[in-house]
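Structural overview
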Amino acid sequence: MVNTAIALPRVFVTRRLPEPALSRLQQAPIVLDLWPEAGPPPYEELQRRVAGCQGLLCLLTDRIDEALLAAAGSELRVISQMAVGVDNIDLAACTRRGIPVGHTPGVLTEATADLAVALLLATARRLVEAANDVKAGRWHTWDPMGWVGPDVHGSTVGIVGLGRIGAAVARRLQGFAVRLLYHNPRPSPWAAEVGATWVPWETLLAESDFITLHCPYSPATHHLINAAALAQMKPTAILINTARGGVVDQEALEQALRTGRIAAAGLDVTTPEPLPADHPLLSLPNVVVLPHIGSASLSARRRMAEMAVANLLAGLAGERLPHCANPAVYG
Ligand code: DGY
């Protein structure tokens, strides 16, 4: 009698996934080690649990670097991340080791665009501040100057990164009759369809009433919004970030918001995540901070988990990943 269990690949999954992806994983021919806690495994625990595994399914809260890959050992055949962004993963190191990295593009585009527009409206029209005032009994009367903010309709919106998500945001904003500017390193294939005009970086900064960030985080976009960029923006400008916290120099932003250099900011992403409750940004009335919920619609999260499992199982079977973040690994 042959003991087939010995041949089953071992997989570490760093968080409970939504259904039906979790059931698919539990029924797959693998030895499954599922991190049971609500928060991410600490880095040292991740190193211990991944040692000797053939597969790793991780989240953007897990740091996957050279040391982690060394701890995993030479058996690791696939890393699958339940996110489109993979800036927490050293892709070059994975490629050098021949490990394909899966991710989840496309399925969270619409949910993230919905959230970006919601955050833009909420920040401009001061929804959080106003709702908090109502709950705290600070609404005394209809006030001609109470909770006033700038118009979104008819404004100029600058999109940094007119990719899939940036274009989905632009499509939604067409309904607000805005003038759309964008800046990308290369012209965007979506520009004509969404009616967005490419402008130099300085023009986007100087002319936009709202600047919304949709670029990937990389060394090239680290602190793209820094003190120099903020100094070129209108004093009435509002910054929206649903990309990654690292795209913004947070200290410079805090200073700009405190001194009125720009008017307000809506941030779904920060550095670190979560921000400590006593972080200075959280004490500012002109900032709306959300807990990285761009993709937090039921269907987007379900589909992200399904894609992550599909990528994982393909990698374990030695097949090309349906959605690979480092295609160079295939030569
Ligand atoms: C991603 O997939 O990169 C998103 O940030 C998750 O919401």
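Above this note sits the structure.
This section reports on the structure supplied with the text. (Residues numbered from 1 in each chain as written. Predicted model: local features only at pLDDT ≥ 70, side-chain atom pairs only at ≥ 80, totals over all residues. Heavy atoms only, no water.)

1. Points about the sheet that holds strand E11 (residues 264-267)
- Taken in spatial order, the seven strands of this open sheet run E8-E7-E6-E9-E10-E11-E12, and their pairing is parallel. Strands with a single pairing partner mark the edges of an open sheet, and in this sheet they are strand E8 (196-198) and strand E12 (287-289). Strand-to-strand twist in this sheet, taken as the mean axis angle between neighbours without regard to direction, amounts to 20°.
- As judged from the three bridges shared by strand E7 (residues 179-183) and E8, these two strands associate in the parallel manner. For Leu180, the partnering residue across the bridge sits in E8 and is Ala196. (Pairing = 2+ DSSP bridges. Helix = DSSP H or I, 4+ residues; strand = E, 2+ residues; numbered from the N terminus. Axes fitted to C-alpha atoms, helices over the stretch in contact; angles between N-to-C directions.)

2. A short note on the side chain of Gln54
- Relative to the helices and strands, Gln54 resides in the loop between helix H2 (43-50) and strand E3 (55-58).
- Setting aside residues up to four positions removed in sequence, Gln54 forms contacts with Leu8, Pro9, Arg10, Glu75, Leu76, Arg77, Val78 and Leu316. (Contact = heavy atoms within 4.5 Å.)

3. Observations concerning the nonpolar core
- Ranked by size, the top nonpolar core spans 56 residues in total, and within it Leu17, Leu162, Leu180 and Leu312 carry the most contacts.
- Ranked by residue count, the leading element in this core is helix H12 (residues 298-316), at 10 residues.
- One finds Leu204, Leu205, Ala243 and Val247 within the second-largest nonpolar core, a separate group that totals 29 residues. (Core = buried A, V, L, I, M, F, W, Y, C linked by side-chain atoms within 4.5 Å. Buried < 20%, exposed > 50% of the residue type's maximum accessible area, 1.4 Å probe, protein only.)

4. Notes on the sheet that holds strand E5 (residues 101-102)
- Taken together, the five strands give an open sheet; going across it, the order is E2-E1-E3-E4-E5, and neighbouring strands pair in parallel fashion. Each edge of the open sheet carries a strand with a single partner, namely strand E2 (31-34) and E5.
- Here strand E1 (residues 10-13) pairs with E2 via four bridges, running parallel. Its bridge partner being in E2, Val11 is matched across the sheet by Leu32.
- Sheet strands in contact with H2 are E1, E2 and E3, and its direction is about 160° off that of E1.
- Where H12 meets the sheet, it contacts E1, E3, strand E4 (78-81) and E5, and its direction lies at approximately 175° from that of E4.

5. Description of the site of the ligand
- All residues in the neighbourhood of the ligand are listed as Leu60, Ala83, Val84, Gly85, Leu108, Arg244, His292, Ser295 and Met304.
- Separating an oxygen atom of the ligand from a backbone N or O atom of Val84 is a distance of 2.7 Å.
- With respect to the ligand, the backbone of Gly85 contributes an N or O atom lying 2.9 Å from an oxygen atom. (Near = heavy atom within 4 Å. Polar contact = N/O pair within 3.5 Å; in protein donor to acceptor, adjacent residues only side chain to side chain.)

6. Let's talk about the pattern of salt bridges
- A complete count under the given rule lists 16 salt bridges for this structure.
- One salt bridge in this structure joins Asp33 and Arg49, with 2.9 Å as the shortest N-O distance. Taken together, the positions of Asp33 in strand E2 and Arg49 in helix H2 put the pair 16 residues apart, joining distant regions of the chain.
- In this structure Asp33 comes out as partly exposed when scored by relative accessible area, which is 24%.
- Under the relative-accessibility criterion, Arg49 is labelled partly exposed at 21%. (Salt bridge = Lys/Arg side-chain N within 4 Å of Asp/Glu carboxyl O.)

7. What to know about H2
- Every buried residue belonging to H2 is among Tyr43, Glu45, Leu46 and Val50, and all of these are buried. Along the axis of H2, the buried residues cluster in a sector spanning 155°; they form a single face.
- Tucked into the core, H2 has its buried residues touching E1, E3 and helix H3 (66-72).
- The positive-phi residue at the C-terminal boundary of H2 is Gly52, with phi of around 80°. (Arc of directions from axis to C-beta.)

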